[in-house]
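The residues making up each chain are set out below.
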Amino acid sequence: MSTLASLTNHQIRLAARPVGTPTRANWSNTTEAVAEPAEGGVLVKTLALSLDPAMRGWMNEGKSYIPPVGIGEVMRAGGIGKVIASKNPAFAVGDVVSAVLGVQEYLLIPQADLKRSSLAKIDLTLGSQTQWLNVLGMPGMTGYFGLMDVGQPKAGETVVVSGAAGAVGQTVGQLAKIKGCRAVGIAGGQAKCDWVVKELGFDACIDYKAGPSAVRDGLKEHCPNGVDIYFDNVGGEILDAALARLARGARIIICGAISQYNNTSAVQGPKNYLSLLVNRARMQGIVVFDYADRYPLAVAELAGYLKDGRMKSKEDIVKGLDTFPEALIKLFTGENFGKLVLQVAED
């Protein structure tokens, strides 16, 4: 107990709601003492946090699929940690766990909050800590259920995914290939496109930074029979370009719209939406939390692909809790290459 009493929890809290791109001024750094868990509770030390585009939405006030982070609250973040004190028989000291840990060094979880925190033991024989934040974590679950449940791919179909070198996109494209589809990625920069094709095995990748008509021309070249499934992570003009190339009966999965998140004006909606009518297509949103009861099934399948080499997992690791404000911005500038992870502590 004396050991815990000597620990200090450093935290990053939301100080003000951002207008446009978040800056360091939107955050405050606080400290508090680390307490012993009460009966049924668990104390977790944060090892690594998942930095996701969805965080930008959580900072906004207003109705969404999940309540916004309140002013003065520790910023919400999923992560991997280690149990360092436990009064709960389901969790032992030394267990590696995943949970909604928040951007902080330690999280004390009372028994009443165990379910809400999504605390779960993870099996490091299935994948590394960072893979549990990528292919085996929330991005992988999003890609899996978005493609399989909403997209319903059939062998021989053409699947296009934007943000192809990002966390969700890399899983979607590789899974599409495993299921017998043609996979076409959209990513920013030649290096990312080369990696998507040469390392991940996509059939093609379009560099949206190559010019104003690059996406439109690339889709025409690489999807001569149209797009059967479009997995959208970016919204905006790229979504419009994909809608213009739909095949009959196409399915569009709306996962995110990272091109729009920092807009100070209204979000730009699709201009080509009548293509849904003409092509008898459907567009549906995916919120990964809806599939939580089926995560273990997806983890087991994806872990098998990692183990047999049919799927790869790339992470971009930034170190240090204090780097969080700048690290988060990498998502919106496209600087990150792979799944963005904030390493808070060594194992």
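Residues numbered from 1 in each chain as written. Predicted model: local features only at pLDDT ≥ 70, side-chain atom pairs only at ≥ 80, totals over all residues. Heavy atoms only, no water.

*Asks:* Looking at this structure, how should I read the environment of Ser50?
*Replies:* Structurally, the position occupied by Ser50 is in strand S3 (residues 42-50). Sequence separation of Ser50 and Ile12 is 38 residues, and the distance between their C-alpha atoms is 14 Å. A distance of 2.9 Å separates a polar atom in the side chain of Ser50 from a polar atom in the side chain of Lys339. (Helix = DSSP H or I, 4+ residues; strand = E, 2+ residues; numbered from the N terminus. Polar contact = N/O pair within 3.5 Å; in protein donor to acceptor, adjacent residues only side chain to side chain.)

*Asks:* Is there a simple way to explain the side chain of Asp232 in this structure?
*Replies:* Along the chain, Asp232 falls in strand S11 (residues 227-232). Lys271 provides the closest opposite charge to the buried, salt-bridge-free Asp232, at an N-O distance of 14 Å. Polar side-chain contacts of Asp232 include one of 3.1 Å to the backbone nitrogen of Gly235. Each residue touching Asp232, except ones within four places of it in the same chain, is listed here: Ser162, Leu239, Ile253, Ile254, Cys255 and Gly256. (Buried < 20%, exposed > 50% of the residue type's maximum accessible area, 1.4 Å probe, protein only. Lys, Arg positive; Asp, Glu negative; His and termini not counted. Salt bridge = Lys/Arg side-chain N within 4 Å of Asp/Glu carboxyl O. Contact = heavy atoms within 4.5 Å.)

*Asks:* How should the nonpolar core be read in this particular structure?
*Replies:* Among soluble globular proteins, nonpolar side chains are generally buried collectively. One finds Leu136, Val196 and Leu302 to be the most contacted residues of the largest nonpolar core, which totals 44 residues. Elements supplying a minimum of two residues to this core: helix H3 (138-151), strand S8 (158-162), helix H4 (167-178), strand S9 (182-187), helix H5 (190-198), S11 and helix H9 (295-308). Among the elements that take part in this core, H9 stands out by supplying 6 residues, more than any other. Formed by 34 residues, the second largest nonpolar core is a distinct cluster that contains Met75, Ile109, Ala327 and Val344. (Core = buried A, V, L, I, M, F, W, Y, C linked by side-chain atoms within 4.5 Å.)

*Asks:* Quick question: what am I supposed to make of the packing of aromatic side chains here?
*Replies:* Geometry of an aromatic ring pair is reported as the spacing of the ring centres plus the angle between the planes. Here the structure, examined in full by the defined rule, presents 5 aromatic pairs. For the pair Phe145 and Tyr295, a centre-to-centre distance of 6.5 Å together with 35° between the ring planes defines the contact as tilted. With Phe145 in helix H3 and Tyr295 in helix H9, the pair connects residues that are 150 residues apart, well separated along the chain. With centroids separated by 5.3 Å and ring planes inclined at 90°, the aromatic side chains of Trp195 and Phe337 adopt a geometry described as edge-to-face. Placement of the pair is Trp195 in helix H5 and Phe337 in the loop between helix H10 (324-333) and strand S15 (339-343), with a sequence separation of 142 residues. Note on Phe337: relative accessible area 24%, which makes it partly exposed. By way of ring pairs, the aromatic residues Tyr144, Phe145, Tyr291 and Tyr295 are connected into one cluster. In this arrangement the basic side chain of Lys314 is found over the ring face of Phe337, its NZ or CZ atom lying 4.8 Å from the centre. (Phe/Tyr/Trp six-rings, centres within 6.5 Å; stacked < 30°, edge-to-face > 60°. Lys NZ or Arg CZ within 6 Å of the ring centre and 35° of its normal.)

*Asks:* Would you mind showing me how to read the pattern of salt bridges here?
*Replies:* One pass over the structure, following the stated rule, counts 15 salt bridges. Arg24 is the partner of Asp322 in a salt bridge, and the nearest nitrogen-oxygen pair spans 3.5 Å. Highlighted residues: Asp322 in the loop between strand S14 (315-319) and H10 and Arg24 in the loop between strand S1 (8-14) and strand S2 (27-33), separated in sequence by 298 residues. Take Asp322: its relative accessible area is 46%, and that puts it in the partly exposed class. On the basis of relative accessibility, which here comes to 36%, the residue Arg24 falls in the partly exposed class. The closest approach of N and O atoms between Glu301 and Lys179, which form a salt bridge, is 2.9 Å. Residue Glu301 is located in helix H9, and its partner Lys179 is located in the loop between H4 and S9; the two are separated by 122 residues in the primary sequence. Classification of Glu301 as partly exposed rests on a relative accessible area of 22%. With a relative accessible area of 26%, Lys179 lands in the partly exposed category.

*Asks:* Honestly, the sheet that holds strand S13 (residues 282-285) in this entry has me stumped. Any pointers?
*Replies:* By way of backbone hydrogen bonds, the strands of a sheet pair with one another, either parallel or antiparallel. The strand order across the open sheet built from 6 strands is S10-S9-S8-S11-S12-S13, with neighbouring strands paired in parallel fashion. Each of the sheet's edge strands pairs with one partner strand only, and the pair in question is strand S10 (204-207) and S13. Along the sheet, successive strands turn relative to each other by an average axial angle of 15°, direction set aside. As paired strands, S11 and strand S12 (residues 246-254) are joined by 5 bridges and run parallel to one another. (Pairing = 2+ DSSP bridges. Axes fitted to C-alpha atoms, helices over the stretch in contact; angles between N-to-C directions.)

*Asks:* Help me understand the packing of H3 against H9 in this model?
*Replies:* Two numbers describe a pair of packed helices, the interaxial angle and the distance between the axes. One way to put it is that H3 packs onto H9 with a least axis distance of 10 Å and a crossing angle of 95°. Relative to H9, the element H3 is oriented roughly perpendicular. On H9, the residues touching Gly140, Met141, Tyr144 and Phe145 of H3 are Tyr295, Ala298, Val299, Glu301 and Leu302. When the residues that make up the contact of H3 with H9 are grouped by side-chain class, the tally is 7 nonpolar, 1 polar and 1 charged. (Parallel < 35°, antiparallel > 145°, perpendicular 65-115°, else oblique. Nonpolar A, V, L, I, M, F, W, Y, C, P; charged D, E, K, R; others polar.)

Treat this as a map of the structure, not an account of what it does.
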